[in-house]
Amino acid sequence: MQLGLNGKVALITGGSDGLGKATAITMGREGVKVAICARNPEHLEQAADDIHQTTGEDVLAVPADVRDKEQIERFFDETLRRFGRLDILVNNAGGSAAGPLLEMDDAIWHGDLDTKLFGALRCSRLAIPHMIEGGGGRIINVTSIGGKQPEAATVPTTVSRAAGIALTKSMSREFAPHGILVNTVCIGLARSGQFRREWEELQAEGTDLTEDEFYAQQGAGVPLGRIGTAEEVADLITFLASERASFITGTAINMDGGESAVV
């Protein structure tokens, strides 16, 4: 299937590992020029080198925190200076701050919302004018199934994700006349930088679990019997960014192996 992505330019937040890095690689293999940002400069540069070596495509890496307006503006400025256009935005930056309501103070709430919701807002506000000027574009917000089906003791992350899903629908309706398609991928359990760090923490505590055993344990409750891979998520994001998805907008697609009880 020809995706029609060759020569496009994509900007991906949280691009130094996990889902963001996998998406950059998948898009790069389709001929997309990629700009990635993350907070850790060393990890970011290593990721950019890996992406370039794997895909052969030009990769721009700019250290930036989506919570900082000036850093994000610099990221966009450098992307446009390097590539001259912007076609695709993947709002992927974010972790998981989850716990009982009475234990989550204002600082935790502010930090989570600032990274996930306001990070996506800041990037979208910068991207949309360039997409309008270019005749259209794609925005893919990475959220989670918890935004549709929040469990107990999962705040503030499920609230941030629910807001991200609502933001997706609102933007899709507002900017459809400009040819800008906006969708969100609601992730269940998938191999990501976050999960790898959890396993590394267990290793430091002396666990005997191998990384594969850890992932198998995590996936025991998923109907398909396993958790997803970063590459599977990247394939879906890349499809949504492509010409083959030109009649899909305003959707919140579960990618969870059947884990969620809601569609």
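Thresholds applied
Residues numbered from 1 in each chain as written. Predicted model: local features only at pLDDT ≥ 70, side-chain atom pairs only at ≥ 80, totals over all residues. Heavy atoms only, no water. Pairing = 2+ DSSP bridges. Helix = DSSP H or I, 4+ residues; strand = E, 2+ residues; numbered from the N terminus. Axes fitted to C-alpha atoms, helices over the stretch in contact; angles between N-to-C directions. Contact = heavy atoms within 4.5 Å. Buried < 20%, exposed > 50% of the residue type's maximum accessible area, 1.4 Å probe, protein only. Polar contact = N/O pair within 3.5 Å; in protein donor to acceptor, adjacent residues only side chain to side chain. 1 Å grid on protein atoms, 1.4 Å probe; cavity = no way out; pocket = protein on both sides within 12 Å on 5 of 7 lines; lining within 4 Å. Points joined across faces, edges and corners; volume = space filled by probe spheres on them. Nonpolar A, V, L, I, M, F, W, Y, C, P; charged D, E, K, R; others polar.

### What to know about the sheet that holds strand E1 (residues 9-13)
Strand order in the open sheet formed by 7 strands is E3-E2-E1-E4-E6-E8-E9, with parallel pairing between adjacent strands. The open sheet has two edge strands with one neighbour each: strand E3 (59-63) and strand E9 (252-255). Neighbour to neighbour, the strand axes of the sheet diverge by 20° on average, direction disregarded. In terms of strand pairing, E1 meets strand E4 (residues 88-91) through 3 bridges, oriented parallel. Among the inter-strand pairings, isoleucine 12 is bridged to a residue of E4, identified as valine 90. Of the strands in this sheet, E1, E4, strand E6 (137-144) and strand E8 (180-187) are in contact with helix H4 (residues 106-134), which crosses E4 at around 175°.

### A look at the pairing of E6
The buried count for E6 comes to 8 of 8 residues, which makes it a mostly enclosed element. Side chains Gly137, Ile139, Asn141 and Thr143 project from E6 onto one buried face, and the interleaved Arg138, Ile140, Val142 and Ser144 project onto a second face that is buried too. Relative to E6, E4 is paired through 4 bridges, and the arrangement is parallel. When the sheet's bridge partners are listed, valine 90 is paired in E6 with isoleucine 140. Both E6 and E8 contribute to a ladder of 8 bridges, which runs parallel. Considered in E8, the bridge of isoleucine 140 is made with asparagine 183.

### Some thoughts on the side chain of threonine 115
Take threonine 115: it is sitting in helix H4. Separated by 3.0 Å, the side chain of threonine 115 and the backbone oxygen of glycine 111 make a polar contact. Ignoring anything within four residues of it in the chain, the contact list for threonine 115 reads Val66, Arg67, Ala93, Gly94 and Ala120.

### Describing empty space enclosed by the protein
Throughout the structure, instances matching the rule amount to 1 cavity of 30 Å³ or more. For the largest cavity, the calculated volume is near 130 Å³. Looking at the largest cavity, it is lined by 18 residues, and the ones nearest its centre are Asn91, Lys116, Ala120, Val142 and Arg161. Looking at the lining of the largest cavity, the elements that each hand over two or more residues are H4, E6 and helix H5 (157-175). Here the lining of the largest cavity is built from residues that sort into 7 nonpolar, 9 polar and 2 charged.

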